[in-house]
Amino acid sequence: TRKAIYKNLTAWQRVQLSRHPDRPYTMDYIKAICGDTFLELHGDRGVKDDKAMVGGLGKIGDQSYMFVGQQKGYNTKTRQYRNFGMANPEGYRKALRLMKSAEKFGLPVVCLIDTPGAYYGIEAEERGQGEAIARNILEMTRLKVPIIVLIIGEGASGGALGIGVGDRVLMLENTWYSVISPESCSSILWRSWDYKEQAAESLKLTATDMKKLKLIDEIVKEPVGGAHSNRAKTFEIVKSKITSHYDDLKKLSPKALVKLRMEKYADMGVFNG
């Protein structure tokens, strides 16, 4: 019965699952995958250390990786500390600094996406939120090392895209990836949050929809009941996916990596010339 229920979830139910309070966050994955080898790196060398964006060096087996991702909080206090996983411009600049360091030392980059969006406060705009995200997208398209992107929870708007350009983009089964959240979409189109379920269906934001539209490369199956129902198994699945995709990507030269990545994104969507 449980299998049957979780196989036929609506888009809105998947959105709710992606926000489950017991669902593992970025640091949970990193600690489980890397153990004691993880070394967190801080700051953007400009403004401050953004607590909503975390990153650092970690090892899977003998291979070092640069991990970058948004981190949400576990309770009211830590949610405020992490700004609910909504990064400021300095968070994206920190992420870019880490990715550039990875490129310098020839290390693959793993991005874990889980954010309701980039922070939208006045101070974020004053410090160039749009430019920071745009700069990351530009720099990530031409980074000369493999980039593996995993959507582990919410993938909303430019907040997700700021660390979302990769050679391989994977989505966990019960996650979503979209230009806008269903609630915001509903409030813009219908001037009310009451149509969020309808908006979720129309936005085509589930992993299945994204795969159909060829915007992601693979759907990563979760244990029955979602990632939070068997965290250890989820970590094991994600770890094996990272290593198998890296094994494929490391065979390519830096020039070929960049060329294929550029082509991958240039081929997305439809337009009339």
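A short tour of the structure in this document, coming up. (Residues numbered from 1 in each chain as written. Predicted model: local features only at pLDDT ≥ 70, side-chain atom pairs only at ≥ 80, totals over all residues. Heavy atoms only, no water.)

Let us look at the layout of surface pockets. What the largest pocket holds in volume is close to 560 Å³. For the lining of the largest pocket, the elements supplying multiple residues, two or more each, are α7 (129–141), β5 (147–156), α8 (157–161) and α9 (182–189). Residue composition of the lining of the largest pocket, by class: 13 nonpolar, nine polar and six charged. Roughly 300 Å³ of internal volume is contained in the second largest pocket. If you trace the second largest pocket, you find 14 residues lining it, with Y177, S178, V179, M210 and L215 closest to the centre. Among the elements of the structure, α8 and β7 (176–178) are those that each provide at least two residues to the lining of the second largest pocket. Residues that form the lining of the second largest pocket fall into these classes: ten nonpolar, three polar and one charged. (1 Å grid on protein atoms, 1.4 Å probe; cavity = no way out; pocket = protein on both sides within 12 Å on 5 of 7 lines; lining within 4 Å. Points joined across faces, edges and corners; volume = space filled by probe spheres on them. Helix = DSSP H or I, 4+ residues; strand = E, 2+ residues; numbered from the N terminus. Nonpolar A, V, L, I, M, F, W, Y, C, P; charged D, E, K, R; others polar.)

Running from N to C, helix α3 (residues 26–34) and helix α12 (residues 231–249) point in directions that differ by 75°, and their axes come no closer than 10 Å. In this view, α3 runs roughly perpendicular relative to α12, as classed from their interaxial angle. Within the contact between the two elements, α3 uses D28, Y29, A32 and I33 and α12 uses R231, T234, F235, V238, K239 and I242. The residue inventory of the contact of α3 with α12, partitioned by class, reads six nonpolar, one polar and three charged. (Axes fitted to C-alpha atoms, helices over the stretch in contact; angles between N-to-C directions. Parallel < 35°, antiparallel > 145°, perpendicular 65-115°, else oblique. Contact = heavy atoms within 4.5 Å.)

Moving on: the pattern of salt bridges. Throughout the structure, instances matching the rule amount to 23 salt bridges. Here K94 ties to D49 by a salt bridge, and the two come within 2.6 Å at their closest N and O atoms. With a gap of 45 residues between them, K94 in helix α5 (residues 89–104) and D49 in the loop between β1 (39–40) and β2 (53–60) connect regions that are remote in the sequence. Here K94 and D49 have matching classes, each one buried. (Salt bridge = Lys/Arg side-chain N within 4 Å of Asp/Glu carboxyl O. Buried < 20%, exposed > 50% of the residue type's maximum accessible area, 1.4 Å probe, protein only.)

With that settled, the discussion passes to the pairing of β5. Along β5, ten of the ten residues are buried, which leaves the element largely enclosed by surrounding structure. Bridge count between strand β4 (residues 109–115) and β5: six bridges; the pairing is parallel. In the strand pairing of β5, C111 is matched with V149. Sheet analysis places β5 next to strand β6 (residues 168–172), joined by four bridges and oriented parallel. (Pairing = 2+ DSSP bridges.)

Attention now goes to the packing of aromatic side chains. Taken as a whole, this structure holds six aromatic pairs when the rule is applied. Where Y65 meets F67, the ring centres are 6.0 Å apart and the plane angle is 45°; that geometry is what we call tilted. The two residues Y65 and F67 agree in class, both being buried. Here the aromatic rings of Y65 and Y246 are separated by 5.5 Å at their centres, their planes lie at 70°, and the arrangement is edge-to-face. Here Y246 lies in helix α12 and Y65 lies in strand β3 (residues 63–70), a separation of 181 residues in the sequence. Taken together, the aromatic side chains of Y65, F67 and Y246 make up a single cluster linked through ring pairs. (Phe/Tyr/Trp six-rings, centres within 6.5 Å; stacked < 30°, edge-to-face > 60°.)

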